[in-house]
Amino acid sequence: MSATHIHATVRATHATPPRARSRGVRFAQPSIAALPKTSTTRCPGLSSRGALRGDDALAASILGGSTATRATRLTSRKPTVVAAAAGGASQPAKGRMCVAISGASGFVGSRLVAKLLAGGHEVRVLTRDVNAARMALRGSMTGGNVTFVSPEKWAAAIPGCTGVVNLAGEPISTRWNPAIKAEIMASRIKATKRIADAIAACEPDRRPGVLVNASAIGFYGTSETRTFDEDAPAGGDYLSKVCQAWEATAEEVERTCDGATRVVVLRLGIVLDRDGGALGKMLPTFQIFAGGPMGDGAQWFSWVHREDAVGIVVESLTNPEMRGPVNVTAPNPVRMGEMCAALGRTLGRPSWLPVPDFAIQALLGEGATVVLQGQKVAPNAALKAGYKFKYERIDDA
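Below you will find a few notes about this structure. Residue numbers here run from 1 along each chain, matching the order of that chain's written sequence. Under the rules for a predicted model, residues below a pLDDT of 70 receive no local features and side-chain atom pairs below 80 are neither given nor counted, while totals for whole chains, interfaces and linings still include all residues. The side-chain quantities take in all heavy atoms of the structure and omit both hydrogens and water.

## Describing the overall build of the protein chain
Here comes step 1: By definition, any uninterrupted DSSP run of H or I lasting at least four residues is a helix, any uninterrupted run of E lasting at least two residues is a strand, and each is numbered from the N terminus. The helix and strand tally for the protein chain stands at 12 helices and 16 strands.
Here comes step 2: Using a 1.4 Å probe on the protein chains alone, a residue whose accessible area is under 20% of its type maximum counts as buried, one over 50% counts as exposed, and one in between counts as partly exposed. For the protein chain, buried positions account for 57% of its 397 residues.
Here comes step 3: What makes two residues a contact is simply this: any of their non-hydrogen atoms within 4.5 Å. Long-range contacts, defined as pairs at least 24 residues apart, comprise 83% of the intrachain contacts of the protein chain with a sequence gap of at least 6.
Here comes step 4: Per-residue and other accessible areas were derived by the Shrake-Rupley procedure at a 1.4 Å probe size, with only the shown protein chains allowed to occlude residues. Split by element, the accessible area of the protein chain, about 16,100 Å² in all, is 52% carbon and sulfur.

## Considering the pattern of salt bridges
Here comes step 1: One side-chain nitrogen of Lys or Arg within 4 Å of one carboxyl oxygen of Asp or Glu is enough to make a salt bridge. Applying the stated rule across the entire model yields 8 salt bridges.
Here comes step 2: R255 is the salt-bridge partner of E252, the closest N and O atoms lying 2.3 Å from each other. Here E252 and its partner R255 are both found in helix α6 (residues 238-256), 3 residues apart, which amounts to about one turn of the helix.
Here comes step 3: Looking at R255, the relative accessible area reads 55%, which means it is exposed.
Here comes step 4: Ionic pairing is found between D273 and R306, a salt bridge with its closest N-O pair at 3.1 Å. Placement of D273 in strand β11 (residues 270-273) and of R306 in helix α8 (residues 306-318) is noted, with a sequence separation of 33 residues between them.
Here comes step 5: Given a relative accessible area of 1%, D273 falls into the buried group.
Here comes step 6: Using a relative accessible area of 5% as the deciding quantity, one classes R306 as buried.
Here comes step 7: Each of R96, E122 and R124 takes part in a single network of salt bridges with overlapping partners.

## Examining the packing of aromatic side chains
What characterises a pair of aromatic rings is the spacing of the ring centres plus the angle enclosed by the ring planes.
Here comes step 1: Any pair of Phe, Tyr and Trp rings, taking the six-membered ring for Trp, is counted once the centres come within 6.5 Å. Such a pair is stacked with planes under 30 degrees apart, edge-to-face with planes over 60 apart, and tilted for the rest. Within the structure shown, the criterion is met by 4 aromatic pairs.
Here comes step 2: Centre to centre, the rings of F219 and Y220 are 5.3 Å apart; their planes meet at 85°, and the pair counts as edge-to-face. Across the pair, Y220 and F219 agree in class, each one buried.
Here comes step 3: Through a chain of ring-to-ring contacts, three or more aromatic side chains come together here, namely F219, Y220 and F228.
Here comes step 4: Lysine NZ or arginine CZ positioned within 6 Å of the ring centre and within 35 degrees of the ring normal marks a charge as sitting over the ring. The positively charged end of K181 is found above the aromatic ring belonging to Y238, 4.7 Å away from the centroid.

## Quick notes on the packing of helix α5 (residues 178-201) against α6
Here comes step 1: Lines fitted to C-alpha atoms define the axes here, with helix axes fitted over just the stretch in contact, and angles between the N-to-C directions of these axes take values from 0 to 180 degrees. The N-to-C vectors of α5 and α6 enclose an angle of 5°; their axes lie 9 Å apart at closest approach. In terms of orientation, α5 and α6 fall into the roughly parallel class. Contact residues: α5 offers K181, I184, M185, R188, I189, T192, K193, A196, I199 and A200, while α6 offers Y238, K241, V242, A245, W246, T249, A250, V253 and T256.
Here comes step 2: Following the grouping adopted for this structure description, the nonpolar residues are Ala, Val, Leu, Ile, Met, Phe, Trp, Tyr, Cys and Pro, the charged ones are Asp, Glu, Lys and Arg, and the polar ones are all others, Gly among them. The class makeup of the residues in the contact of α5 with α6 is 12 nonpolar, 3 polar and 4 charged. Angles below 35 degrees are treated as roughly parallel, those above 145 as roughly antiparallel, those between 65 and 115 as roughly perpendicular, and all remaining angles as oblique.

## Remarks on unusual backbone geometry
Here comes step 1: Phi at D258 is positive, roughly 55°, even though this residue is not glycine.
Here comes step 2: Positionally, D258 belongs in the loop between α6 and β10 (262-268).

## Details of the pairing of β10
Here comes step 1: Burial within β10 is extensive, with 7 of its 7 residues counted as buried.
Here comes step 2: Any two strands with at least two DSSP-identified bridges between them are counted as paired. Relative to β10, strand β8 (residues 210-216) runs parallel, the two sharing 7 bridges. Following the sheet pairing, N213 is matched in β10 by V265.

## Points about helix α2 (residues 107-118)
Here comes step 1: Given a helix with a known number of residues, its expected span is that number minus one, times 1.5 Å. With 12 residues, α2 extends 17 Å from end C-alpha to end C-alpha; this agrees with the ideal 16 Å at 1.5 Å per step.
Here comes step 2: Summarising burial for α2: 10 of the 12 residues are buried, a large majority.
Here comes step 3: Note on α2: the residue one or two positions beyond its end, G120, has a positive phi of about 85°.

## Overview of the nonpolar core
Here comes step 1: Counting 42 residues, the largest nonpolar core has I101, L112, V125, F148, V165, L266 and I312 as the members making the most contacts within it.
Here comes step 2: The residues contacting L266, other than those within four sequence positions of it, are V212, N213, A214, S215, A216, I312, V313, S316, V326 and V328. Put simply, a nonpolar core is a bunch of buried Ala, Val, Leu, Ile, Met, Phe, Trp, Tyr and Cys residues held in one set by side-chain atoms that sit within 4.5 Å of each other.

## Examining the pairing of strand β6 (residues 145-149)
Here comes step 1: With 5 of its 5 residues buried, β6 lies for the most part within the structure.
Here comes step 2: Pairing of strand β5 (residues 122-126) with β6, which is carried by 4 bridges, proceeds in the parallel orientation. Bridged to V123 within β6 is V146.

Structure (structure tokens):
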């Protein structure tokens, strides 16, 4: 849970920098397939009213903004895409998953959708706005069945799913006031409770086997000296309280379903990938020779590459050893200053111009704690369950 990407906001520029040369550090740039024209087809068990057309405008939603993304084909199969109306959901075919996802149009969710579809699995997108979600995910839909479901129909779409992934929540990278703080909390609790209630209401033979629910490393509070694994206690600040309430709402599923639905709580670190998220927001300042750490650079930066964040979600869906809290961070966290130095080396740009504390505090107020303070987090649960990280060190990411 971080607003690291406000670095670009502090030093706003309208210039379009030249493409950076890669030196030393490699940042993965996963391509997303272009969507071919599709026919309107009924998804088994759900009505097909309002089917998505293949010639809709390309758009991708990335935390705090939308960008058009360049796409290359991942698979030649044409997707079946529908908007769901009321009706019961069907069981997935043997050997494949059917996954309901909220927050699917976000930075992690959109890549998860692409990965699941490329693997031949079915996806049901639980969304507040069907039209906005199908536009945002246009570049991620490369094959298989995709169903878009508005909130009043979530309870009809969840039965028969293999698992449910809940990534929904209002962004925290903004200036906080009482109304914003209330919405940050409410957006997470409301979506999670709606999903938890729908899972509890399922007939036992149609109940999802796992709920994978997002949380954040903000659960632990902040520290410059401690290392937090999944057994560490919760902190006492505002973001920790948000995470605690979020997790408690999800964990209620274990009780209401008598343990029949496994619950995995993903405490996400700062998710990096070149085409979005925190790193995507920081790149422009480095490309114009204005990059540098925020604050004194000594705060811990517990990061994870987007490919590993998605990989741990998939591992949570398929590996019964994954249960309870799971830290979604790379095994080797760094200080903010080290991260900025690595980024500077990659781009062949200096990392010399820090953003002072007072500038960030003026921009974000209380929310500046997300940027100026951090925590060193260890992914013990994921490693114990056998997950193999693709990107273990910042210089590999």
